[in-house]
Amino acid sequence: MSSLSEPEYNESYEDYYIGELIGLCTHNNNHSVEQVVGPYVHSIICILGFMGNSLVIATYAFYKRTKSMTDIYLLNVAIADLLFVVALPLIVYNEMSSWSMGSVACKLLRGSYSVNLYSGMLLLACISTDRYIAIVQARRSFRLRSLSYSRIICAIVWVCAVLLSVPTFYFYHCYQPSHNMMFVPEENLTHSGLNLSVEGWDGVSLPPQYVCEFRFSDNNTALLTKLAVPSTQIAVGFFLPLLIMIFCYTAVIITLLRAKNFQRHKAVRVVLAVVVVFIVCHLPYNVTLLYDTISMFDQHSCEESDALHTAKTVTQTIAYMHCCLNPVLYAFVGVKFRNHFRKIVQDLWCLGKRYIAPRRFSRVTSEIYVSTRRSVDGSSENGSSFTM
Amino acid sequence: MSFAIITQLLTQQQIRQTRQHLSSITAAGTEENMVSVKATAAVITLLTVCMLATNTSAVYYECCRRYMVIKIPFAAIKGYSVQTVTEMCPINAIIFHTKKGKACTNPALNWVMDYVNRIRNKAQMVHMKTSKKQQ
């Protein structure tokens, strides 16, 4: 029947000529980047991020009560970043081979990744606003920078982050991609007459392969969500905080430069570092993601697709680095914070010494302890809550 | 409030002096080195674990990104798969499995759907024959 509708097509020609095939894109470059750079860099990011952010949380938990708006924001950023670096190795591990942790873990890990991404970025915008109010709108600052306000704002940020992540929670599933299943007409048949088998590219049967990816029930939802999720991430998770930060920190720098003080340049440098690190970390990834989103449904050659995936992998890793830089840029830059942090380290040493070297260092330790105590007390007496 | 930062910055200098004082004391401690050795060992162990865990290749994320321009001979086709945008891949495609490998084709084209129907019909025929035989 079909040969009637296509008369130009003849059977003998069919038998010997196949021609060049356009197959599935294997993304070899991206794989080698993922295999070599991915695990190493990711584990370094995870270790540093875990240490830095848990130190910040420990400082607040044991040594420093959250006294100001800035404290609450910094604590929340540290919590978001910590959750992020805890979820990250699990996601990386599962993506390296077949997704082995099941559907619940798939939804939870992808969802928490998204929640922490949004909350982290929005909280950084909150910190910039807080600094703007503290420095530029100094008169209103006592009323606006109260503890209850900042708790409400943090709650709003987390709720927004969860709401923005609902599509991720809802549409991510753990499944076997159906395009890996081949329909073959064979003798041993299923009821439909078509036999389903899973094959690799070379025709060798593979074990069941699970992915943790988007899955939808209909075409329109699929197209819409596949565009909407990354677009929202770029808009709310990058451009909105970036615009807020640029506005607030520009005003802060202008105000600081107007103040006549020999130390003002240090504060300006810190502000610039915060903005520059944010842009350097997140701009490349978001530009790549934007290009990827715009050209998602277009046809690409495998080389293009591979290059785009590789760019995404590399820039994403750079973006991940931000969560281990946050403790340094925001918390440990502060004088008070550094003193508290030093105290933690020394207290840990004291504990350690009881087990490792009971006698030898005891005199030195107590000396350090006393002098730190003095410096901590000294710094906490001047009333500024503005950590910079 | 900008004044408050400046006072902070001023105290920072004093603190820095204290810190220098502190570091001169702690420099005597050898356990600082021990801690760093332990940390390095932990990092290396973790990295090794990660490296061992990654010794697999992922063929799962392969997708069709472009369609065949020329037709494939029907005789070369062993079977087909369906790639839809409702799953992880960005475009719809019919993947024909041939002797030479997989071929991505555009489901909007007539010959593609015609091939799919032919494979289905073939399967249906085989199905009817076999079920008759079994009865």
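Numbers given to residues run from 1 along each chain, matching the order in which its sequence is written. Note on labels: chains are lettered from A, ligands numbered from 1, in written order. Given that this is a predicted model, residues contribute local features only at a pLDDT of at least 70 and side-chain atom pairs are listed and counted only at 80 or more, while totals for whole chains, interfaces and linings are drawn from all residues. Hydrogens and water are ignored here; the side-chain numbers use all heavy atoms of the structure.

With respect to the state of the cysteines
So, point 1. Throughout, a disulfide means two cysteine sulfur atoms within 2.5 Å of one another. Overall, the coordinates contain 4 disulfides over all chains when judged by the stated rule.
So, point 2. With its sulfur 2.0 Å from that of its partner, Cys106 of chain A forms a disulfide with Cys212 of chain A. When the S-S torsion is 85°, as for the bridge of Cys106 of chain A with Cys212 of chain A, the disulfide is right-handed. Of the two residues, Cys106 of chain A sits in helix H5 (residues 102-135) while Cys212 of chain A sits in strand E4 (residues 211-214), which places them 106 residues apart along the sequence.
So, point 3. Only protein chains enter the accessibility calculation, which uses a 1.4 Å probe; a residue is then buried when its area is under 20% of its type maximum, exposed when over 50%, and partly exposed in between. Using a relative accessible area of 0% as the deciding quantity, one classes Cys106 of chain A as buried.
So, point 4. When its relative accessible area of 0% is taken as the criterion, Cys212 of chain A is described as buried.
So, point 5. Between Cys63 of chain B and Cys89 of chain B runs a disulfide, and the two sulfur atoms are separated by 1.9 Å. Where Cys63 of chain B bonds to Cys89 of chain B through sulfur, the torsion about that S-S bond is close to -80°, and the disulfide is left-handed. The way it works is that DSSP assigns letters per residue, a run of H or I at least four long becomes a helix, a run of E at least two long becomes a strand, and they are numbered from the N terminus.

A word on helix H9 (residues 219-258) of chain A
All names here are of chain A.
So, point 1. Taking 1.5 Å per residue, 40 residues should reach 58 Å; H9 reaches 57 Å between its end C-alpha atoms and fits that length.
So, point 2. Of all the bends in H9, the greatest reaches close to 30° and is centred on Phe239; the proline Pro241 follows between one and four positions later.
So, point 3. N or O atoms closer than or at 3.5 Å make up a polar contact, with two conditions inside protein: a donor-capable atom paired with an acceptor-capable one, and, for residues adjacent in sequence, both atoms drawn from side chains. Where H9 begins, the capping side chain belongs to Asp218, and its oxygen is found 3.4 Å from the backbone nitrogen of Asn220. Every helix has an expected span of 1.5 Å times one less than the residues it contains. One axis fitted to the seven residues ending at a residue, another fitted to the seven starting there: the angle between these axes is the bend at that residue.

Quick look at the UniProt feature "transmembrane region" (unreviewed entry) in chain A
Residues and elements named next belong to chain A.
So, point 1. When the UniProt feature table is mapped onto this chain numbering, "transmembrane region" (unreviewed entry) sits at residues 40-63, 72-93, 113-133, 153-172, 234-257, 269-287 and 318-335.
So, point 2. Note that residues 269-287 is 100% helix and 0% strand, and that its end C-alpha atoms are spaced 26 Å apart.
So, point 3. End C-alpha atoms of residues 318-335 are separated by 28 Å, and the span's content is 83% helix alongside 0% strand. UniProt positions are given in the numbering used here, feature names are shortened, and annotations may be inferred rather than shown by experiment.

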